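For reference, the chains in residue letters:
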Amino acid sequence: MIGIGVLPAARLALVAFVMGTLALRAQTTQGLISGRITDSVTGATVANAEIRYFSLNTNASGTIRSGASGYYVAAALSPGLYRVRVASAGYQAQEVHNLELAVSARLDLSFALRPLSDVWESGQYRSIFLPGSDAILTFYGPDVDTSRFVSFAANQGTTGALETSVSQVIDPALIRELPLAGRDVYTMLVTQPGVTADAGTTRGLGISANGQRPSATNYLLDGVESNNYLVTGPLTAVAPEAVQEYRVSTNNFSAEYGRTSGFLANAVTRSGGAAWHGLGYFYLKNDALNANSFQRNLAGLPRTPQKEAQGGYQAGGRIPGTQSLFLSSSLERLRTRSQTAPVDFRLPTSRFTSDFTAPGSTARKILTQYAPPPVTDRNLPTAILTIAPPVSINRWLALERLDYKPAASRHQVMGRFSLSRLDRPDFIYSPYPDFVSGLTQNTYSVAVQWQTSIKPRLINEARLGWGRDELRWDRAHPEVATLLEGFEGTTLPGSLAFYEFRSPNSSWEFNDTLTWAQGRHIVKAGGGLLWRKTDTALTAGRDGMYQFLDIIDFALDEPSFLFAPLSRGKLPGFNIPNYNRLYRQNQLFFFAQDTLRVNSRFTVNFGMRYENAGAPSNTGAE
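This structure is a prediction, so every number in the text was calculated from the model and none was measured.

Trainee: Teacher, can you tell me more about the overall build of the protein here?
Mentor: Along its length, the protein carries seven helices and 35 strands. The proportion of buried residues among the 622 residues of the protein is 45%. Within the protein, contacts between residues at least 6 apart in sequence are counted, and of these 70% link residues at least 24 apart.

Trainee: Looking at this model, I keep getting lost on the packing of aromatic side chains. Mind explaining?
Mentor: The relative placement of two aromatic rings is captured by the distance of their centres and the angle of their planes. The tally for this structure, following the rule as stated, stands at 16 aromatic pairs. Ring geometry for W473 against F501: centres 5.3 Å apart, planes inclined by 35°, an arrangement best described as tilted. Here the residue W473 occupies a position in strand β27 (residues 458-473), and F501 occupies one in strand β29 (residues 501-518), the gap between them amounting to 28 residues. Overall, F501 belongs to the buried group, its relative accessible area being 10%.

Trainee: Looking at this structure, I do not really get the sheet that holds strand β15 (residues 217-221). What am I missing?
Mentor: Picture the strands of a sheet paired through backbone hydrogen bonds; they go either parallel or antiparallel. With respect to topology, five strands assemble into an open sheet ordered β12-β17-β18-β15-β16, the strand pairing being mixed. In this open sheet, the two strands that pair with only one neighbour each are β12 (166-170) and β16 (224-225). For β12 and strand β17 (residues 243-251), the ladder comprises five bridges, and the chain directions are antiparallel. Bridging across to β17, V169 finds its partner in R247.

Trainee: Looking at this structure, how should I read the sheet that holds strand β31 (residues 545-548)?
Mentor: Pairing within the open sheet is mixed, and its three strands lie in the order β28-β31-β32. Sheet topology places β28 (482-485) and β32 (561-563) at the edges, where each strand pairs with a single neighbour. Neighbour-to-neighbour, the strand axes of this sheet turn through a mean angle of 15°, independent of strand direction. Where β31 lies against β32, three bridges are found, and the strand directions are antiparallel. In the strand pairing of β32, Q547 is matched with F561.

Trainee: Where do I start with the nonpolar core in this structure?
Mentor: Generally speaking, nonpolar side chains in soluble globular proteins are found buried as a group. Judged by nonpolar contacts, the single largest core of 23 residues is most densely connected at I33, I37, Y72, V84, L109 and F111. Those elements that provide at least two residues to this core are β1 (31-39), β2 (50-55), β4 (71-77), β5 (80-87), β6 (94-101) and β8 (111-113). Counting residues in hydrophobic clusters, the runner-up holds 21 residues, among them L221, A242, V248 and A267.

Trainee: Would you mind going over the side chain of R106 with me for this structure?
Mentor: The residue R106 is located in strand β7 (residues 106-108) in this model. In this structure R106 is buried but unpaired, with E256 as the nearest side chain of opposite charge at 4.3 Å. A polar contact of 2.8 Å, which involves the side chain of R106, links it to the side chain of T595.

Trainee: What's the story with the pairing of strand β24 (residues 390-404) in this structure? I'm lost.
Mentor: Every other side chain in a regular strand lies on the same face of the sheet, so the side chains alternate between the two faces. Sheet analysis places strand β21 (residues 325-339) next to β24, joined by 15 bridges and oriented antiparallel. Within the sheet, the bridge partner assigned to S330 lies in β24 and is L399. Here β24 pairs with strand β25 (residues 411-428) via eleven bridges, running antiparallel. Bridge pairing in β25 places L402 opposite G415. Counted between consecutive antiparallel strands, the loop separating β24 from β25 contains six residues.

Trainee: Hey, could you run me through the confidence of the model for the protein in this one?
Mentor: Note that predicted coordinates carrying low pLDDT should not be read in detail. Taken over all residues, the pLDDT of the protein has a mean of 85, while the share at 70 or more is 87%. Note on residues 1-26: pLDDT under 50 across the span, and 66 contacts to partners over four residues away in sequence or across chains. Of the regions scoring below 50 in pLDDT, residues 148-152 engages in six contacts with residues more than four places distant in sequence or in other chains.

Trainee: I tried to follow helix α6 (residues 362-369) on my own but got confused; where do I start?
Mentor: Three or four residues apart is the spacing at which side chains of an α-helix point the same way, because the helix has 3.6 residues per turn. Three or more residues of α6 are buried, namely A363, I366 and L367. Around the axis of α6, the buried residues are gathered within 95° of arc, so they sit on the same side. In α6, the exposed residues that point more than 90 degrees away from the buried face are K365, T368 and Q369. Those residues of α6 hidden inside the fold are in contact with β22 (343-348), α5 (350-356), β28 and α7 (551-555).

Trainee: Hey, could you run me through unusual backbone geometry in this one?
Mentor: L571 connects to P572 through a cis peptide bond whose omega is 5°. Assignment of secondary structure puts P572 in the loop between β32 and β33 (580-599). One non-glycine residue, R378, lies in positive phi territory at about 55°. Here R378 falls in the exposed class, since its relative accessible area comes to 66%.

Trainee: Honestly, the pattern of salt bridges in this entry has me stumped. Any pointers?
Mentor: Side chains carrying opposite charge are able to pair once their charged atoms draw close together. Taken as a whole and assessed by the stated rule, the structure comprises 24 salt bridges. Among the salt bridges present, the one from R597 reaches D108, with a minimum N-O distance of 2.7 Å. Taken together, the residues span a long stretch of sequence, with R597 in strand β33 and D108 in strand β7 at a distance of 489 residues. A salt bridge links K307 to D287, with the shortest nitrogen-to-oxygen separation between them at 2.5 Å. Taken as a pair, K307 in strand β20 (residues 306-318) and D287 in the loop between β19 (277-286) and α4 (294-298) lie far apart in primary sequence, 20 residues in all. Residue D287 is classed as buried on the basis of its relative accessible area of 14%. Taken together, the salt bridges that share partners define one network made up of D474, R475, E500, R502, R542 and D543.

Trainee: How do you make sense of the environment of T236 when you look at a structure like this?
Mentor: Structurally, T236 is set in the loop between β16 and β17. Residues contacting T236, with those up to four places away along its chain left out, are S226, S420 and T443.

Trainee: Whenever I open this one, the side chain of R475 confuses me. Can you help?
Mentor: Mapping R475 onto the fold places it in the loop between β27 and β28. Separated by 3.4 Å, the side chain of R475 and the backbone oxygen of S495 make a polar contact. Residues in contact with R475, not counting those within four places in the same chain, are S437, V480, A481, T482, S495, A497, F498, Y499, E500 and D543.

Trainee: Even after reading the chapter, I still don't get a nonpolar patch on the surface, so can you show me in this structure?
Mentor: A cluster of nonpolar side chains, Y404, V413, F417, V446, V448, W450, L464, W508 and W531, forms an exposed patch at the surface whose accessible area comes to about 790 Å². Of the residues forming the nonpolar patch, the biggest block, three residues, is contributed by strand β26 (residues 437-455). The residue V413 is located in strand β25 in this model. Note on V413: relative accessible area 33%, which makes it partly exposed.

The rules behind each value
Residues numbered from 1 in each chain as written. Predicted model: local features only at pLDDT ≥ 70, side-chain atom pairs only at ≥ 80, totals over all residues. Heavy atoms only, no water. Helix = DSSP H or I, 4+ residues; strand = E, 2+ residues; numbered from the N terminus. Buried < 20%, exposed > 50% of the residue type's maximum accessible area, 1.4 Å probe, protein only. Contact = heavy atoms within 4.5 Å. Phe/Tyr/Trp six-rings, centres within 6.5 Å; stacked < 30°, edge-to-face > 60°. Pairing = 2+ DSSP bridges. Axes fitted to C-alpha atoms, helices over the stretch in contact; angles between N-to-C directions. Core = buried A, V, L, I, M, F, W, Y, C linked by side-chain atoms within 4.5 Å. Lys, Arg positive; Asp, Glu negative; His and termini not counted. Salt bridge = Lys/Arg side-chain N within 4 Å of Asp/Glu carboxyl O. Polar contact = N/O pair within 3.5 Å; in protein donor to acceptor, adjacent residues only side chain to side chain. pLDDT = per-residue confidence, 0-100. Arc of directions from axis to C-beta. Patch = residues over 30% accessible without salt bridge, like charges linked within 9 Å, V, L, I, M, F, W, Y side chains within 5 Å. Areas by Shrake-Rupley, 256 points an atom, 1.4 Å probe, with all protein chains shown as cover.

Now the structure itself:
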């Protein structure tokens, strides 16, 4: 996707410099506040006005000044609440409190300053004019003019005036108050216009936007990509208490964002604040507290067994003894025990082992070493056993974040570590206890952000990310081949899985954004590199399969068919294939864009983006 626009010569030179010195990619979670300072009486611009902003979350602050045309830009601000104060010689100062800046937001906040002479000439030396009216409010009670009143609405700025993409912020109130399905913050994506869910026919979340494929998505966590390449959706689950907010962009992306034709979910984790705050939570589900469903009552079935416990905490604040270090920590554990619908298994009986198999036969050795649950059906060699296979899930989620934000410094540093450990002990169930196979999925990610103010109007954001995820399961006792009985479908010893699967992925990412604010223009340039490594194996049929016509042939050690994998590249020799595959994929991105504010109601964004997605290349032996 390439959008082409015309940039002034000075900005082209700046873009060329950035592209020549950085091999970069940009995607920011930081917002900006911009506006214009004018005289409330004459409407003239006020140059060199001092604008001070102060973060109510971390006490970080900064000072900028308006330009000759009265415009100012406070860029690369972390999401949260701010206090903004504007002061200029000869004018009354103005302040805005509890100003909320969302993730990646562009807030238009203009001020019309009242000249001091306008108040002094009226003789009201201790009075102020309320914005948007001629009413005067004095500082001392006896002189208040009770014959006049006005309804005062604080100046909270205008959101969206400088934004070009179609997006919406899922703010902390929504995350905190709404009952999220599965306590997954990304379920709020389906509330966006044009977004639908099709989890029934796709892997993962299966969420698509504007008719695009569910795989045409891009998930960011703290400005670093967090995509699950095996299934659609984010790489790792994050507890809602650890997420501050996120922005969903569904259309009309600016050059700054890309790598998707569907939607982009840009989330930011919760940071520690100036004061310590924390919460603990515990959720419990138990079938003893539930009523049975109408369908199960009609079928004469009892309530579905369910035992689920989920608890954790989130806490954050300034580290004691420091003024600039802020810590945020969260931990969650989920434990679920349930069952699926009952299943009938036909199993060999103990009499079959003793009376139908010969001493020393392979069948007797296997049934003796891996004995099935005891079943009987008169003198028959097999019998039916009805079992409701268990469903067990164990999961740990942890997220630790450390911020270094001096009160009046040009530098800010953030480091974040997240962990997700998922375990399903009975992922592949078998009535033979020795052949139950488990699934594990472990994910780790690290992100480091360094933000520096080179000049008051020139800010750089650099991010470094590393992530590793691994999904795997194996056939229990792979030395035992798959054994199939074709007449009655008796379940014989051996794993029911046809293959082992493992898919460890690791990635490194570096991206950078340079923001330059000048007058009506906000110029951004940057890009990045992504290195991915995938080491995967799917061992289809690796351990072989014996098929018997009936249970008697199994007792006699006389299989009818043998299935074994052979490497076609080594024929006519008999060699087992090498299932390991190793891939590399490198991606390159860079962009440049200019946001021009024509007036308070009209903004133009034009730029250029280059993407080299790169095809995976096989670097292994096969």
